[in-house]
4 protein chains.
Amino acid sequence: MIKTAVIGYGYWGPNLVRNFSESGRTTVVGVSDLREDRLVAAQRRFPGVQATQDAASLIHDPGVDAVAISTPVFAHYDLAMAALKAGKHVLVEKPITATSEQAMRLIDEAAKRNLTLMVDHTFVYTGAVRKIRELVQKGDLGDILYYDSVRVNLGLFQRDVDVIWDLAVHDLSIMNYVLDCKAMAVTASGMSHVTGGPENIAYLTVFCGGNLLGHINVNWLSPVKLRRTLIGGASRMIVYDDMENSEKVKVYDKGITVTNGPESTYQAMIGYRSGDMYAPQLEVTEALGVEIRHFADCIENGAKPITGGEAGLAVVQVLEAATLSMRNRGQLVEINHEPAIVAA
Amino acid sequence: MIKTAVIGYGYWGPNLVRNFSESGRTTVVGVSDLREDRLVAAQRRFPGVQATQDAASLIHDPGVDAVAISTPVFAHYDLAMAALKAGKHVLVEKPITATSEQAMRLIDEAAKRNLTLMVDHTFVYTGAVRKIRELVQKGDLGDILYYDSVRVNLGLFQRDVDVIWDLAVHDLSIMNYVLDCKAMAVTASGMSHVTGGPENIAYLTVFCGGNLLGHINVNWLSPVKLRRTLIGGASRMIVYDDMENSEKVKVYDKGITVTNGPESTYQAMIGYRSGDMYAPQLEVTEALGVEIRHFADCIENGAKPITGGEAGLAVVQVLEAATLSMRNRGQLVEINHEPAIVAA
Amino acid sequence: MIKTAVIGYGYWGPNLVRNFSESGRTTVVGVSDLREDRLVAAQRRFPGVQATQDAASLIHDPGVDAVAISTPVFAHYDLAMAALKAGKHVLVEKPITATSEQAMRLIDEAAKRNLTLMVDHTFVYTGAVRKIRELVQKGDLGDILYYDSVRVNLGLFQRDVDVIWDLAVHDLSIMNYVLDCKAMAVTASGMSHVTGGPENIAYLTVFCGGNLLGHINVNWLSPVKLRRTLIGGASRMIVYDDMENSEKVKVYDKGITVTNGPESTYQAMIGYRSGDMYAPQLEVTEALGVEIRHFADCIENGAKPITGGEAGLAVVQVLEAATLSMRNRGQLVEINHEPAIVAA
Amino acid sequence: MIKTAVIGYGYWGPNLVRNFSESGRTTVVGVSDLREDRLVAAQRRFPGVQATQDAASLIHDPGVDAVAISTPVFAHYDLAMAALKAGKHVLVEKPITATSEQAMRLIDEAAKRNLTLMVDHTFVYTGAVRKIRELVQKGDLGDILYYDSVRVNLGLFQRDVDVIWDLAVHDLSIMNYVLDCKAMAVTASGMSHVTGGPENIAYLTVFCGGNLLGHINVNWLSPVKLRRTLIGGASRMIVYDDMENSEKVKVYDKGITVTNGPESTYQAMIGYRSGDMYAPQLEVTEALGVEIRHFADCIENGAKPITGGEAGLAVVQVLEAATLSMRNRGQLVEINHEPAIVAA
């Protein structure tokens, strides 16, 4: 059993503690949070778990094998680096760090010490996203033409990050996993409706190379909660609606056929193809449980995590570019994928 | 009774003929189209109506008072100008013309001759959009913060215009009518998935001045038909879903309250307000019928149309800017609202 | 071309005239209605068609080959019988007659004269219902276990028939066509909320023989319009929702497996099987157009109509039994399928 | 703090333990179940709680104040009676007992000993149902005309009870609470599709007196999960859809107006009224938590529970009548509300 400590018991922390408790592979030895009331709640729900305000004591506890970090973003780097230096495996909440340079440093540190560094891109472990990847990999969709996501709701306004860092991060992790989209350039627009606050509504276009276009619509000030993604392929197209109770993924045998002929008119060139729709059955295991068992596998077998430090870094690079573009009213920002040299 | 001729009997033409026939204010004396098969169909459905391939004969027919033009966009200007010069009132399909300069010339010509020039921005005459305008005008929504529309479906790929000119035109006309949004600048991204064809997927951000942001997502290559608009106000917010059979407009008494205090943390500053939702009853009269009776009113009383030439021009100016931005991968394009001098 | 007359120009009449005009197989020579305003509307929409208050003149017009009857139910029998006796083919609105005895008399008369007698069970000609029948016939659903329909909306309250005669008639015609359900017995409950009016809400259970159960929920006083049918098969199950804009028919690869073993507990006996769902592509041709071309085929080739007099009779027999049961607060009423001898 | 024991740790047990643990008014001292694997699961999730196969030891434990029973229905009576006789307050899963006579005995025993006896009619404590009751009580709906519920899904087939006892029980408890419906007579139809098993599909009509009609459609063999109730009032009507993530309750300002005049035709008599729809904001507190705090209130203050033994009895009486009717193919069964004398 891998003995874990969970740092940060806010919105997501209880889910981490419950899943680490019930995975069958891991146990929770301690929880830390700066807020007293949260520690009280943690002990009411998980009577056997140590609760403390002192994260450092857990990080340096020799009885702890792995540390899960679910604090505000700005604290990720320091806590994760301290845990790695203390020889612990690390699972960090998304986004992995506040800057791509920080992400690179964590990757280096984990590699040097042969420790597992993983970022909690939870959606990658859902039955829906895994099924979509399977369909894409099998070629069922043909060439992927676009990824178009709407991810909006009312709240939770953040202070330290804008809505792109909070919500678009999910789509960027899905795009990386499902489409192997290597973002080449980004343009973003957004606006803040709270004086002095970060942008609470934003639109992000990602040019992935080839003729694959990504677009992400994120909003903290929407009257309704929407989680809908269209994925357009040359052969088939997907609607992935995470608000559906069932049939979250629908595959449409629809598209166009283009006939090039010397005499054909434009309308005659384009044929509209419309066939059956189907909704594949999805695994319903809780994503976080799948993820934690994968984390345990990586620790025990030294396997490379699906959502390791590099996946975290790739997302943060796009987030940085998006923020830069948004501050410049949509100016295109190219993304540099050259390996960087980071001073230790 | 105002005697009308309808030029162009493609997708929209039959609706024009039917509504002009049944309005009680207008009659149809002739229909023209270049395609023989369409003229046959017109005569089977409307046995009493003259059908001809010769549009000019209708335009110059002294028995015709008004001309409705529903041809491809490139032909709008020449036909509308000819009709105005022949002394006819004109209703043109959207977008009014292929360039803003053409729109200005039509406006001038109609003004000079004291004729009614109207553009068929049909959505403006729907019960839904009229109700939304009423709510906005009464101040029920408070300051408008954003307009966010998704208007996607499979087809109909156009050759002469891109998807923005085909679909975003609806949202731009709604924004003008409902929000009095004067577009100051535009940024747009898009892509073509048919070699040599115009963009079939596009994202358009409109900066309207103040902190009002517009965003329009249009796509000819979507597996599903979506017509959903979020309108965010400081006091209330609207979801307008035109695919709903009933309750197309939902008004949410939701939003945030911002408390500024010296000591307050950011999270404490933002309060989430959530109250009832309601769906106002909407008038169900067919929009095109309402529009045609308004056209008749304008002709008979010399009233200024709600969707006159200027409304058409304002939309075309944004369309031009959007295309320019899209060709430059999202570069911000400012819109010049200075009155232009057009040589006659 | 088969020359037709349409008797009754109320709610459904305009659809009949339009489809008879555009079928390519039939033309409309005359329309009759007792109300003057409806004749005016008919002439405005169909300028070339004769409009009269005198139905008899159309029925006896030697230039008329076929008569379509869309009047209130009570008038069906007299008009249809007169038309048959005048040697015309007949298409009658549903339900075919007000009593099963009347239906038998029409069947006899048409047989004697070798004329086509058809009832307008429109749903049978929709792409959705035809696809469902195809799936059932191919055995894709396995043994059919139940048919469960909800068909409710606000209005239109009828005076001469209760809600079962108005709405359940659709489901009974679908059940007959799709399931070959021979109703053996019926139990029904209902209530009137208008003093002196017929029942406006009713629930009808049909025992079809074997273990196939039908249930139909009809209501004129519902706040929302629902048209949803579940069809449960031993192998697969269908949801048919006619209010959907697309994907009206969904086929679920779901069900139970029953394992009988000497030692198995009940829960262990029942296995829940859950696979993919798919929505087959449906033909979108207007049902009434398909039906009218089938009517023309029957007239010209002497073929037996899918919805001939016998189909109309089978439905009326269940309606009669349902009304009887409802008046006796749910008492089971057996249906006699013995061929009856009807005095001419 | 009220010290509780939970007997039965199957589907619902974990929810009981969690809510009794976190209510702030109660604690859980022990859990019992006959299955070893469930006791293991209970201890993994709630490390501090005693887990035993011996329910009797908990019932007679002097450290236990109250007992919650969530076992199969047949065991309710013996366990509840034993707990009452041991001086414990009792919360029993629905339906309260397997027969109305058993329910009467429990009521008597609890009354004699001045103990709280409550049945877990959970829906009564949801924000949705409480809001509906509030609207009905205020007269917003006018006279209630019908209650029409569809409650279907795939599974969980029960051995000892039919689908009415399993699912319709929810609607009957809601009808009692919301409409003060006193069921006068019942007619039910159903069918079993598993040889030797109880009915898995059933339709239940409840005559409540006056012109109020109830109808409940329950099914364990549905491809989709539906939870939709229409409540028709003379002034307004409700759609309550528990599968919606938000706006579960919609209130429609729709209905008919009946004008009686000497000369009026039937159609002229009936006017269709259609106004706005609204969805009131609902409390989102977990129903079981509300219920458990109410249970604690009743124990501490001796208040009468909203869902006390009498509410449980009223439901069981209708269930008994429904089963009887179903076995007799829809025969009407009157319900006797006379107080019965139960031998001790």
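Residue positions are given per chain, counted from 1 along the sequence in the order it is written. Ligands are numbered from 1 and chains lettered from A, in the order in which they are written. Side-chain atom pairs in this predicted model are given and counted only at pLDDT of 80 or more, local residue features only at pLDDT of at least 70, and totals for whole chains, interfaces and linings cover all residues. The side-chain values count all of the structure's non-hydrogen atoms but skip hydrogen atoms and water molecules.

A. Broad picture of the domain arrangement of chain A. All names here are of chain A. Where each domain starts and ends follows an automatic or database-derived domain assignment. Domain parsing of chain A yields domain 1 (2–123 + 287–309) and domain 2 (127–278). Computed from C-alpha coordinates alone, the two centres of domain 1 and domain 2 are separated by 30 Å. Each partner contributes to the interface: domain 1 provides 11 residues, whereas domain 2 provides 14 residues. For the pair domain 1 and domain 2, the summed buried area comes to about 1,000 Å², and 68% of that belongs to carbon and sulfur atoms. A side-chain nitrogen of Lys or Arg and a carboxyl oxygen of Asp or Glu constitute a salt bridge if their distance falls within 4 Å. Run the count over domain 1 and domain 2 and you get one salt bridge. Polar contacts here mean pairs of N or O atoms no more than 3.5 Å apart (in protein, one a potential hydrogen donor and the other a potential acceptor; neighbouring residues in sequence count only if both atoms are side-chain atoms). Linking domain 1 to domain 2 there are one residue pair in polar contact (both at pLDDT 80 or more). Every residue pair with non-hydrogen atoms within 4.5 Å of one another is taken to be in contact. The term buried area refers to how much accessible surface (probe radius 1.4 Å) is lost by two components on association, counted for both of them together.

B. Highlighting the pattern of salt bridges. Here the structure, examined in full by the defined rule, presents 83 salt bridges over all chains. Across the pair Lys304(B) and Glu310(B) runs a salt bridge, and its minimum N-O distance is 3.7 Å. Throughout, exposure labels follow a simple rule: accessible area from a 1.4 Å probe, protein chains only, divided by the maximum for the residue type, with under 20% read as buried, over 50% as exposed, and the rest as partly exposed. Under the relative-accessibility criterion, Lys304(B) is labelled exposed at 65%. Classification of Glu310(B) by relative accessible area gives partly exposed; the value is 42%. Across the salt bridge formed by Asp253(C) and Arg236(C), the nearest N and O atoms sit 3.9 Å from each other. Taken together, the residues span a long stretch of sequence, with Asp253(C) in strand E13 (residues 249–258) and Arg236(C) in the loop between strand E11 (221–233) and strand E12 (237–241) at a distance of 17 residues. With relative accessibility at 25%, the residue Asp253(C) sits in the partly exposed group. Owing to a relative accessible area of 27%, Arg236(C) belongs among the partly exposed residues under this scheme. One network of salt bridges, with partners in common, ties together Arg25(A), Asp297(A) and Glu300(A). What counts as a helix is a DSSP run of H or I of at least four residues, what counts as a strand is a run of E of at least two, and both are numbered from the N terminus.

C. Examining the relation of the copies chain B and chain A more closely. Each copy is superposed on the other by least squares, with the fit set by C-alpha atoms of residues at a pLDDT of at least 70 in both. Note on the copies: chain B fits chain A at an RMSD of 0.0 Å, the axial shift is 0.0 Å, and the rotation between them is 180 degrees. In short, the pair behaves as if placed about a two-fold rotation axis. Of the interface residues in chain B, 100% have counterparts in chain A that sit at the interface too, so the contact is made through matching surfaces.

D. Geometry of the interface of chain B and chain A. Taken together, the contacts link 56 residues of chain B with 56 residues of chain A. For the pairing of chain B and chain A, the buried interface totals around 5,000 Å² over both sides, and the portion due to carbon and sulfur atoms is 68%. Taken together, the links from chain B to chain A amount to zero salt bridges. The interface formed by chain B and chain A includes 17 residue pairs in polar contact (both at pLDDT 80 or more). A total of seven residues in the side of chain B that touches chain A trace back to one element, the largest contributor, which is strand E11 (residues 221–233) of chain B. Charged residues are taken to be Asp, Glu, Lys and Arg, nonpolar residues to be Ala, Val, Leu, Ile, Met, Phe, Trp, Tyr, Cys and Pro, and polar residues to be all remaining types, Gly included. Residue classes in the side of chain B that touches chain A are distributed as 31 nonpolar, 18 polar and seven charged.

E. A look at the relation of the copies chain C and chain B. Expressed as a screw transformation, the operator carrying chain C onto chain B has a rotation angle of 180 degrees and an axial translation of 0.1 Å, and the superposed copies differ by an RMSD of 0.0 Å. Interface overlap between copies: 100% of the residues of chain C at the interface are likewise at the interface in chain B, consistent with a symmetric, same-surface contact.

F. Up close: the interface of chain C and chain B. Listed by partner, the interface residues are 10 residues for chain C and 10 residues for chain B. Taken over both partners, the interface formed by chain C and chain B buries close to 950 Å², and the fraction arising from carbon and sulfur atoms is 42%. Among the residues chain C hides against chain B, the three largest losses belong to Glu22(C), Arg44(C) and Arg45(C). Together they make up 49% of the total. Here Arg45(B) ties to Glu22(C) by a salt bridge, and the two come within 2.7 Å at their closest N and O atoms. Where chain C meets chain B, there are four residue pairs in polar contact (both at pLDDT 80 or more). Mapped by element, the contributors of at least two residues to the side of chain C that touches chain B are helix H1 (13–22) and helix H2 (36–45) of chain C. The leading source of residues in the side of chain C that touches chain B is H1(C), at three residues. A class-by-class count of the residues in the side of chain C that touches chain B yields two nonpolar, four polar and four charged.

G. Structural view of unusual backbone geometry. Residues and elements named next belong to chain A. In the segment running from Gly155 into Leu156, the intervening peptide bond is cis, with an omega of -10 degrees. With phi around 60 degrees, Asn114 is a residue other than glycine that occupies positive phi space. As for its position among the elements, Asn114 is in the loop between helix H5 (100–113) and strand E6 (117–120). Assessed through its relative accessible area of 70%, Asn114 is described here as exposed.

H. Up close: the sheet that holds strand E1 (residues 2–7) of chain D. All names here are of chain D. By this definition, two strands are paired if DSSP reports at least two bridges between them. Ordered in space as E3-E2-E1-E4-E5-E6, the six strands form an open sheet in which the pairing is parallel. Pairing within the sheet leaves two strands with one partner each, and these edge strands are strand E3 (50–52) and strand E6 (117–120). Neighbour to neighbour, the strand axes of the sheet diverge by 25 degrees on average, direction disregarded. Taken together, the three bridges between strand E2 (residues 26–32) and E3 define a ladder with parallel strand orientation. Opposite Gly30, over in E3, you have Gln50 as the bridge partner. Lines fitted to C-alpha atoms define the axes here, with helix axes fitted over just the stretch in contact, and angles between the N-to-C directions of these axes take values from 0 to 180 degrees. The sheet strands contacting helix H4 (residues 76–85) are E1, strand E4 (66–69) and strand E5 (89–93), and the helix crosses E5 at an angle near 170 degrees.

I. Quick peek at the sheet that holds strand E2 (residues 26–32) of chain C. All names here are of chain C. Pairing within the open sheet is parallel, and its six strands lie in the order E3-E2-E1-E4-E5-E6. Only two strands of the sheet have a single partner each, and these edge strands are strand E3 (50–52) and strand E6 (117–120). The mean angle between the axes of side-by-side strands here comes to 25 degrees, regardless of whether they run parallel or antiparallel. Direction of pairing for strand E4 (residues 66–69) relative to strand E5 (residues 89–93): parallel, over a ladder of four bridges. If you follow Ala68 over to E5, its bridge partner there is Leu91.

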